[in-house]
Amino acid sequence: MEETDREAVATAVQRVAGMLQRPDQLDKVEQYRRREARKKASVEARLKAAIQSQLDGVRTGLSQLHNALNDVKDIQQSLIDVNKDWRQSINAIENLKDVKDAVVQHSQLAAAVENLKNIFSVPEIVRETQDLIERGELLKAHKKLMDLECSRDNLMYEQYRMDSKNTHDMNLIHTYFGDMQKLSEELAKQLWMVVQRSLVTVRRDPTLLVSVVRIIEREEKIDRRMLDRKKQTGFIPPGRPKKWKENMFNILERTVSTRIEGTQADTRESDKMWLVRHLEIIRKYVLDDLLVAKTLLDQCFPPHYDIFKRLLSMYHQALSTRMQELAAEDLEANEIVSLLSWVLNTYKSTEMMGNSELSPEVDANSLSLLLSQNVVDQLLSKYMSTLTSNIIGWLRKALETDKKDWVKETEPEADQDGYYQTTLPAIVFQMFEQNLQVAAQISEDLKTKVLLLCLQQMNSFLTRYKDEAQFYKEEHLKNRQYPQCYVQYMIAVINNCQTFKESIISLKRKYLKVEMEETLSSSHASMDAILDIIAKEGCSSLLDEVFMDLE
């Protein structure tokens, strides 16, 4: 306290020293005193007000604490009284067990009385429902079926509440309503028949399809209600949940798969074009079905079913499965081309998924491939292997046919300018053209691979051609009277070399990209060299023939 006084005195001295620094300020001492007195009075008033406010708050807090203490004592006393009353009422509760059982029994009997009419008329309702199902009045039949199920479920629920372990009574109720389960199954069969033919039904009788969807929606609501009650009570009626909506989509999926698989009308043995026909029928059926689904079927289902997208997914999956099955078969080269062309090009083209009438619901570019890239690569590899064997066989056969012409007694044909030639170059390059046009239907990459294969086999073929021309010359030298038109056919062979050169250049210019030409320059030079040798040796043999005749 003394230290505080000293600090206050020191502070006051400093203030006074600051006020009286000049002699003329002594005249204002009285004025300074009054001003400081006013400040002191103001500070004392604020202090008094603050202390008074604090005292009031403390007084109020003490009062509230006192009241709270009294409330706690009252609550404690009340709890003691409640505990005392509860202990005294235990015996009374045990005495009310009979009343409780009577209440449960009364509830069960009340449910029985409420459903008494339905209980006694179950056989009659079953017959009426069966007749309605047979007449195709599915909504009315389902209404009666729901009434029967409601009566059975209420009775079984009351029995479950009274004695959940009494299986005898539960089985008795279930047996009495046994025909109802058969009705439910019969009605389901009728529904699934309509669902299977939904794309046909929606055109002829859309009302019937709407009725089926309404019935399925009713059952879905009942399923949800029964599952909620099971969470609360543990009881669920037999046969629930029916999951008819899930079954409906499963049946639609099986129907789509069956429709895709059932489009194969021919086999390879009965029709060489079986695969082309099969794929064309699939294309037509799928496009027609999706157009019907978009324009008509979508209006018969609630929006949350998203039926068009579900069907689109089903068709895509069924097509993918079917394409994989076809790819796994032992396909011939032309069949591989048909399959890959359909999968890679036709499927997403305007002839099918890219059709303008399907947009914007169907985005062809967003659809995944029907065949994995691995399967596509395997098919392409098989196609190239088969094509290689075929080209080798075709070239060998063409050369054998041309050789047979060499020994004929008639002169070879002449072109428009009168120059001798055989049909060999035309046959060879017509075959190359056909295979390149087929490959171009699939992809540019395959077209390039086929062209490289053709030129590679052409190189080997020209070597054999040179050997056969040399053998032809040697055989003639053994007997110069045979063959009779040796000179004319040797001229034709020489002319063929020029035709081969021109055809190779034309083929490369038509089917080979400019940037790929450099990679084939060595192969082209090799073929040119072989053709030059054939022509040179042919000319030499003709000169030898002339010299021998002169001798």
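An unreviewed UniProt entry annotates the protein chain as Exocyst complex component 3 originating from Callipepla squamata.

Chemist: When you look at the overall build of the protein chain in this model, what are you seeing that I'm missing?
Modeler: Helix and strand counts for the protein chain come out as 19 helices and zero strands. Its C-alpha atoms give the protein chain a radius of gyration of 51 Å, more than 25% over the compact-globule value 24 Å for 551 residues. With the principal axes as the frame, the protein chain shows a C-alpha extent of 160 × 115 × 40 Å. For the protein chain, with 551 residues in total, the buried portion stands at 36%. Expressed as a percentage of contacts within the protein chain between residues at least 6 apart in sequence, the contacts between residues at least 24 apart total 73%. Summing over all exposed atoms, the protein chain offers an accessible surface of approximately 33300 Å²; the carbon and sulfur share of this is 53%.

Chemist: Honestly, the nonpolar core in this entry has me stumped. Any pointers?
Modeler: Across soluble globular proteins, nonpolar side chains have a tendency to be buried as a group. Counting 124 residues, the largest nonpolar core has Met323, Leu339, Trp342, Met353, Phe432 and Met458 as its most contacted members. Counting residues per element, this core draws most heavily on helix H17 (residues 444-478), at twelve residues. Setting aside residues up to four positions removed in sequence, Met458 forms contacts with Val428, Phe429, Phe432, Phe500, Ile504 and Met527.

Chemist: I'm lost on the domain arrangement of the protein chain in this one. Help?
Modeler: Quoted interface sizes are often the accessible area lost when the parts come together. Each domain of the protein chain was delimited in the assignment, giving domain 1 (102-241), domain 2 (253-371) and domain 3 (375-550). Each of domain 2 and domain 3 has a C-alpha centre, and these two points are 43 Å apart. Tallying the contact residues gives 13 residues for domain 2 and eleven residues for domain 3. Here domain 2 meets domain 3 over a buried area of about 1100 Å², counting both sides, of which 77% is carbon and sulfur. Broken down residue by residue, the surface that domain 2 buries against domain 3 is led by Ile336, Val337 and Leu340, which jointly contribute 43%. Here Lys382 and Asp330 are joined by a salt bridge, their closest N and O atoms 3.2 Å apart. Between domain 2 and domain 3 we count four residue pairs in polar contact (both at pLDDT 80 or more) in total. Counting residues per element, the side of domain 2 that touches domain 3 draws most heavily on helix H14 (residues 333-346), which supplies eight residues. Residue composition of the side of domain 2 that touches domain 3, by class: nine nonpolar, two polar and two charged.

Chemist: What's the story with the environment of Gln64 in this structure? I'm lost.
Modeler: Along the chain, Gln64 turns up in helix H2 (residues 29-95). For Gln64, a relative accessible area of 53% gives the class exposed. Note: C-alpha distance between Gln64 and Asn435 (371 residues apart in sequence) is 103 Å.

Chemist: Please explain helix H16 (residues 424-442) as it appears in this structure.
Modeler: Helical periodicity: at 3.6 residues per turn, an α-helix aligns residues three or four positions apart in one direction. For H16, with 19 residues, the first-to-last C-alpha span of 28 Å sits near the 27 Å given by 1.5 Å per residue. Turning to H16, its buried residues are Leu424, Pro425, Val428, Phe429, Met431, Phe432, Asn435, Leu436, Ala439 and Ile442. Viewed along the axis of H16, the buried residues span an arc of 150°, placing them on a single side of the element. Each element contacted by the buried residues of H16 is listed here: H14, helix H15 (373-406), H17 and helix H18 (486-511).

Chemist: Whenever I open this one, unusual backbone geometry confuses me. Can you help?
Modeler: For residues other than glycine, phi is negative in most cases, and the peptide bonds are mostly trans. With an omega dihedral of 0°, the bond running from Ser359 to Pro360 counts as a cis peptide bond. Along the chain, the position of Pro360 falls in the loop between H14 and H15. A positive phi is found at Lys243, a non-glycine position, where the angle reads about 55°. Within the secondary structure, Lys243 sits in the loop between helix H10 (206-233) and helix H11 (244-261).

Chemist: Looking at this model, I keep getting lost on the confidence of the model for the protein chain. Mind explaining?
Modeler: On average, residues of the protein chain score 82 in pLDDT, and 91% of them reach the 70 mark or higher. By mean pLDDT, the top-scoring element of the protein chain is helix H13 (residues 307-328) (90), and the lowest-scoring one is helix H4 (residues 116-120) (62).

Chemist: Is there a simple way to explain the packing of H15 against H17 in this structure?
Modeler: Two quantities define a packed helix pair, namely the angle between the axes and the distance from one axis to the other. The interhelical angle for the contact between H15 and H17, taken along N-to-C directions, is 30°, at an axis separation of 10 Å. Taken as axis vectors, H15 and H17 run roughly parallel relative to one another. Crossing of H15 against H17: the hand is right-handed. In terms of residue class, the contact of H15 with H17 is made up of 17 nonpolar, two polar and six charged.

Chemist: It is not clear to me how the pattern of salt bridges should be interpreted in this structure. Could you clarify?
Modeler: Note that side chains of opposite charge can pair when their charged atoms are close. Taken as a whole and assessed by the stated rule, the structure comprises 20 salt bridges. Two residues, Arg283 and Glu280, come together in a salt bridge whose shortest N-O distance is 2.8 Å. Within this pair, Arg283 and its partner Glu280 are both found in helix H12 (residues 274-295), separated by three residues, close to a single helical turn. The exposure class of Glu280 is partly exposed, given its relative accessible area of 39%. When salt bridges that share partners are traced, they join Arg135, Glu137 and Lys140 into one network.

Chemist: I would appreciate a short explanation of the packing of aromatic side chains in the present structure.
Modeler: Aromatic ring pairs are defined here through the distance separating the ring centres and the angle between the ring planes. Scanning the model with the defined rule gives eleven aromatic pairs in all. Centre to centre, the rings of Phe249 and Tyr305 are 6.0 Å apart; their planes meet at 40°, and the pair counts as tilted. You can see Phe249 sitting in helix H11 and its partner Tyr305 sitting in the loop between H12 and H13, a full 56 residues away along the chain. The exposure class of Phe249 is buried, given its relative accessible area of 5%. When the centroid spacing of 6.0 Å and the interplanar angle of 50° are considered together, the rings of Phe429 and Phe500 count as tilted. With Phe429 in helix H16 and Phe500 in helix H18, this pair connects stretches of sequence that are 71 residues apart. Residue classification places Phe429 among the buried positions, given a relative accessible area of 8%. Take Phe500: its relative accessible area is 0%, and that puts it in the buried class. Linked through ring pairs, Trp406, Phe429, Phe432, Phe461, Tyr465, Tyr472 and Phe500 together constitute an aromatic cluster. A cation over an aromatic ring shows up here: Arg259 above the ring of Tyr285, its NZ or CZ 4.4 Å from the ring centre.

Criteria and cut-off values
All residue numbers refer to position in the chain's written sequence, counted from 1. Owing to the predicted nature of the model, reporting of local features is limited to residues with pLDDT of at least 70; listing and counting of side-chain atom pairs is limited to 80 or more, with chain, interface and lining totals taken over all residues. Neither water nor hydrogens contribute to the side-chain values; these are computed over all heavy atoms in the structure. The way it works is that DSSP assigns letters per residue, a run of H or I at least four long becomes a helix, a run of E at least two long becomes a strand, and they are numbered from the N terminus. Only C-alpha atoms enter the radius of gyration; for comparison, a globular chain is expected to reach 2.2 Å times N to the power 0.38, where N is the number of residues. Note on classification: 1.4 Å probe, protein chains only; a residue is buried when its accessible area is under 20% of the maximum for its type, exposed when over 50%, partly exposed between these limits. Contacts were defined at the residue level, with two residues in contact if any of their heavy atoms lie within 4.5 Å. All accessibility values rest on the Shrake-Rupley procedure with a 1.4 Å probe; residue burial counts only the protein chains present in the view. Here the nonpolar core consists of buried residues drawn from Ala, Val, Leu, Ile, Met, Phe, Trp, Tyr and Cys, with membership extended through side-chain atoms lying within 4.5 Å. What fixes the domain bounds is an automatic or database domain assignment. Joining two parts hides part of their accessible area as seen by a 1.4 Å probe, and the buried area is that hidden amount summed over both. By convention in these notes, a salt bridge is any Lys or Arg side-chain nitrogen within 4 Å of a carboxyl oxygen on Asp or Glu. Two N or O atoms form a polar contact when they lie within 3.5 Å of each other; inside protein one atom must be a possible hydrogen donor and the other a possible acceptor, and for residues adjacent in sequence the pair counts only when both atoms belong to side chains. When residues are grouped by polarity, Ala, Val, Leu, Ile, Met, Phe, Trp, Tyr, Cys and Pro land in nonpolar, Asp, Glu, Lys and Arg in charged, and all others, Gly among them, in polar. Take the number of residues in a helix, subtract one, and multiply by 1.5 Å to get its expected span. Note that the arc is defined by the directions from the helix axis to the C-beta atoms. Along the chain, pLDDT gives the predictor's confidence residue by residue, from 0 to 100. Comment: axis = line fitted to C-alpha atoms, over the contacting stretch for helices; angle = value between 0 and 180 degrees taken between N-to-C directions. Here the word oblique covers every angle except those under 35 degrees (roughly parallel), over 145 (roughly antiparallel) and from 65 to 115 (roughly perpendicular). Should the near helix be turned anticlockwise from the far one by less than a right angle, the crossing is termed left-handed; should it be turned clockwise, right-handed. Here a pair means two rings of Phe, Tyr or Trp (six-membered ring of Trp) with centres within 6.5 Å. Their orientation is stacked below 30 degrees between planes, edge-to-face above 60, and tilted elsewhere. Lysine NZ or arginine CZ positioned within 6 Å of the ring centre and within 35 degrees of the ring normal marks a charge as sitting over the ring.

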